[in-house]
Amino acid sequence: MKRLCFMVVLGVVATALLTGQAIDPAKKYEVTVGAYGDLEKAYKAVIATDDFKKKFPNVTLKFQTSDFGGHHNRLTTVIAAGEQTNDIEALEVGYIAQFVQAGGLTDLNAAPFNAKKLSKDLVKFAVANATTEGGALIAMPVDIAPAVMFYRADLAKTAGLNMDNVANWDAYIAALKKLTDKSKGVFGIEHPAAVSAIPLNGGKGGWFQNNKPLEPKSKFLDALSLVQKVKAANVDGDLGAWSGPWSQAYLDGKIASIVNGAWFGGTLRTWLSPAGADGSSPWRVAYLPGKMMASLGGTYLSIPQTVPGPRKLVAYEILKYLTNSPVAQLTTFKEIDAFPALTTVYNDKVMDEPVAYYGGQKVRKIYADVALNIPENKVSEYDAVIGGIWNGAVNDVVSGKSTPQAAYDSALKKVIATIQ
Amino acid sequence: MNPFKKLSTYVTTFLLGLLALVFAFPFYYVFVLATWRSQEVLAFPPHLWFGTGLLENWTSLFGRVPFATNFLNSLGIATLSTVSVLFFCTLAGFAFSKYQFKLKKTLFFFVIATMAIPGFLNIIPFYKMMVVFGWINTWLPLIVPGMAGAFGIFLMTQFLENALPFELLEAARIDGVGEFSMLWRVVFPLARAGMAVLGVVTFVGSWNNFTGPLILLPDVDATTLPVALSVLNSRVDNNMGALFLGNALTLLPLLVIFMLFSRQIISGLTAGAVKG
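Residues numbered from 1 in each chain as written. Chains lettered and ligands numbered in written order. Predicted model: local features only at pLDDT ≥ 70, side-chain atom pairs only at ≥ 80, totals over all residues.

A. Molecular detail of the overall build of chain A. For chain A, the count of helices and strands is 17 helices and 10 strands. Scaling as 2.2 N^0.38, a compact globule of 420 residues should have a C-alpha radius of gyration of about 22 Å, and chain A matches this with 23 Å. Principal-axis analysis of the C-alpha atoms gives chain A an extent of 90 × 55 × 35 Å. Each of the 420 residues in chain A was classed as buried or not, and the buried ones make up 48%. Restricting the contact set of chain A to residue pairs at least 6 apart, pairs at least 24 apart contribute 76%. (Helix = DSSP H or I, 4+ residues; strand = E, 2+ residues; numbered from the N terminus. Rg over C-alpha atoms; globule rule 2.2 N^0.38 Å. Buried ≥ 20, exposed ≤ 12 C-beta atoms within 10 Å, placed from the backbone. Contact = placed C-beta atoms within 7 Å.)

Printed below as a string of structure tokens:
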């Protein structure tokens with residue numbers, strides 16, 4: 001009888017927890033968030049909005065922020081130890097596969113969260129990346145990085161080029177040749193490796209086809225051949241990203257174009273090429289050559305399994321707000337140029353507004369169009385390792401040590417040795 | 001002096017001076033970059049002289065990071081680690097070098113063998129233990145487990161083997177000095193050079209430790225400088241100037257310690273280098 005009573009009480013409590021209000025207006029809550037890079041800055045701006053304060057007057061967020069590598073190493077260690085993490089943990093797209101395969105994160109599609117109905121408004125490819133084969137959604141995409149071409153309109157005009165609809169990569173390389181003026185120290189592009197990830201849709205997944213690594217072969221050979229062509233065209237400044245000469249070249253206006261994720265616009269705006277007195281810069285945005293659709297980055301928010309039940313419910317309300325509230329999504333975009341994963345905001349009037357930094361160009365429309373058409377990449381737990389091997393192959397082609405075919409063969413051998 | 005010998009001395013001095021400049025340059029450069037604004041830090045060709053962005057960087061650094069709190073955390077953890085390591089490792093080194101007891105060699109081998117285990121291999125069980133002890137967000141996991149580290153025990157054992165004559169210990173015993181007070185009156189004074197080396201190595205290791213505080217001290221107010229400064233490392237919001245200022249300020253205690261103890265460190269490092 002005692003056991004029966006206990007079971008009934010337990011059932012009532014569980015039901016109340018699962019179906020009742022996650023946030024009691026009479027209580028105060030503190031949700032802890034593990035973040036990296038600029039995310040804390042963005043989310044602090046979100047919680048400062050009237051909308052957040054109105055919806056969550058009794059919730060405060062506490063951040064544990066570190067640099068990119070440190071954050072993911074900490075998270076991996078604590079989850080592997082089976083110990084309690086922060087209530088919400090951010091994950092970069094490159095790490096999502098590891099957790100999709102290895103577990104440790106709460107299935108947001110399961111009750112009481114039932115996130116399926118929410119995730120339908122998020123970009124499809126990003127949701128697919130965070131979904132296991134069994135249909136569990138282990139994290140919710142919060143921002144994505146549609147890949148575009150940034151180019152300097154002043155240099156393009158001098159070279160007599162229209163960069164808005166570059167037909168294909170060969171046409172892009174031809175344009176880079178015209179943009180390059182070595183007598184003035186101007187280069188079409190920073191480095192040949194800068195284009196290497198685009199044909200692979202960012203290279204954060206998609207390394208396998210039918211369980212065979214680096215297939216289809218043509219996709220990978222094309223990527224290496226593109227790198228080789230750019231190198232052979234002699235249009236690059238041989239500038240390693242995030243180095244002194246690299247940033248100085250941008251500051252001096254010596255780099256004419258770059259293909260990268262939308263977030264790079266923030267780097268240009270705040271750092272590499274600040275706007276003039278009128279708020280504008282010479283930079284413009286165009287689709288990738290051949291209107292290729294690709295992603296170059298992105299962030300997910302997750303709730304680790306070790307977070308206690310009642311905290312999970314509160315954490316989910318905040319996660320839901322950050323990923324599904326137009327105010328949160330647009331505030332994040334405004335703060336750190338992290339493009340919204342929430343597709344419903346693509347129709348917001350702000351997306352149609354001219355952006356002063358890009359000379360009044362409506363760049364957000366381009367970002368949104370790319371975002372809606374990015375193909376899905378199947379992720380695997382080997383993605384990070386294979387990505388490292390692949391970078392070695394790209395470097396071999398850039399340095400002229402290997403042909404694309406030889407670099408591909410060598411990379412394939414290493415990948416097979418790694419996964420077997 | 002033979003003119004050739006004189007010339008050779010000048011050339012050697014010049015080359016060593018040049019080498020010293022090469023080694024000192026990165027330290028100087030960190031302080032130079034700390035005075036340039038974030039957008040100017042990565043300028044090329046690089047800045048070799050001080051800039052005018054110090055105040056801006058200072059405001060940015062102290063606005064983003066609870067620097068004073070993190071500095072005190074770093075200082076507290078590094079100091080307590082160093083003091084405890086010096087005490088326990090010298091104690092163990094004294095025992096291993098001057099006492100005879102059963103299984104001494106086996107125990108010493110066991111201690112040394114722990115050095116062969118890469119740190120990252122035991123990070124997960126270590127973390128779990130710290131959770132069980134309730135030590136997360138405290139200084140204890142960064143101090144207590146390393147108090148009697150294998151490296152320190154090995155270093156002090158080897159050092160005391162040569163620096164502490166048996167005759168001196170016997171004389172102290174004849175004078176009625178107890179075993180433990182011998183540690184204070186005889187061992188520590190004679191082990192100063194070795195302890196200086198171990199102290200600096202421990203302090204620097206603890207001061208620069210990133211992974212430990214990152215995992216064990218999740219609260220921003222509880223963490224140490226390397227972890228706190230990593231917040232400034234981002235790709236869109238450029239805080240390079242503040243980051244370099246933070247690095248420069250972080251370097252200062254290490255420079256002060258080296259200046260204060262350089263004589264002992266050098267004599268400790270060279271002890272035993274010359275026979276006789």
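There is more to say after this.
B. Fine view of the overall build of chain B. What chain B contains, in helices and strands, is 14 helices and 0 strands. In sequence order, chain B lays out its α and β elements as α-α-α-α-α-α-α-α-α-α-α-α-α-α. Dimensions of chain B, computed from C-alpha atoms along their principal axes, come out at roughly 70 × 70 × 35 Å. Sorting the 276 residues of chain B into buried and exposed places 32% on the buried side.

C. Structural view of the interface of chain A and chain B. With 26 residues of chain A in contact, the opposing surface of chain B contributes 25 residues. The class makeup of the residues in the side of chain A that touches chain B is 7 nonpolar, 13 polar and 6 charged. (Nonpolar A, V, L, I, M, F, W, Y, C, P; charged D, E, K, R; others polar.)

D. Structural view of the nonpolar core. Ranked by size, the top nonpolar core spans 128 residues in total, and within it Ile 96 and Val 148 of chain A carry the most contacts. Considering every element that reaches this core, the biggest residue donor is strand S4 (residues 140-152) of chain A, with 9 residues. When we break this core down by domain, the ones giving at least three residues each are domain 1 (20-144 + 297-352) and domain 2 (146-294 + 369-419) of chain A. Among the nonpolar cores identified, the runner-up in size contains 54 residues, and Leu 75 and Val 78 of chain A together with Val 227 and Leu 243 of chain B belong to it. (Core = buried A, V, L, I, M, F, W, Y, C linked by C-beta atoms within 7 Å. Domains from an automatic or database assignment.)

E. Spotlight on the pairing of strand S7 (residues 257-261) of chain A. Residue and element names in this part refer to chain A. Most of S7 is tucked away, with 5 of its 5 residues classed as buried. Here S4 pairs with S7 via 5 bridges, running antiparallel. Directly across from Val 148, in S7, lies its bridge partner Asn 260. (Pairing = 2+ DSSP bridges.)

F. Representation of the domain arrangement of chain A. Residue and element names in this part refer to chain A. Domains assigned within chain A are domain 1 (20-144 + 297-352) and domain 2 (146-294 + 369-419). Each of domain 1 and domain 2 has a C-alpha centre, and the two are 29 Å apart. Opposite the 20 residues of domain 1 that make contact, domain 2 presents 19 residues. Those elements that provide at least two residues to the side of domain 1 that touches domain 2 are helix H5 (93-102) and helix H7 (124-129). Counting residues per element, the side of domain 1 that touches domain 2 draws most heavily on H5, which supplies 8 residues. Taken together, the residues of the side of domain 1 that touches domain 2 break down into 12 nonpolar, 6 polar and 2 charged.

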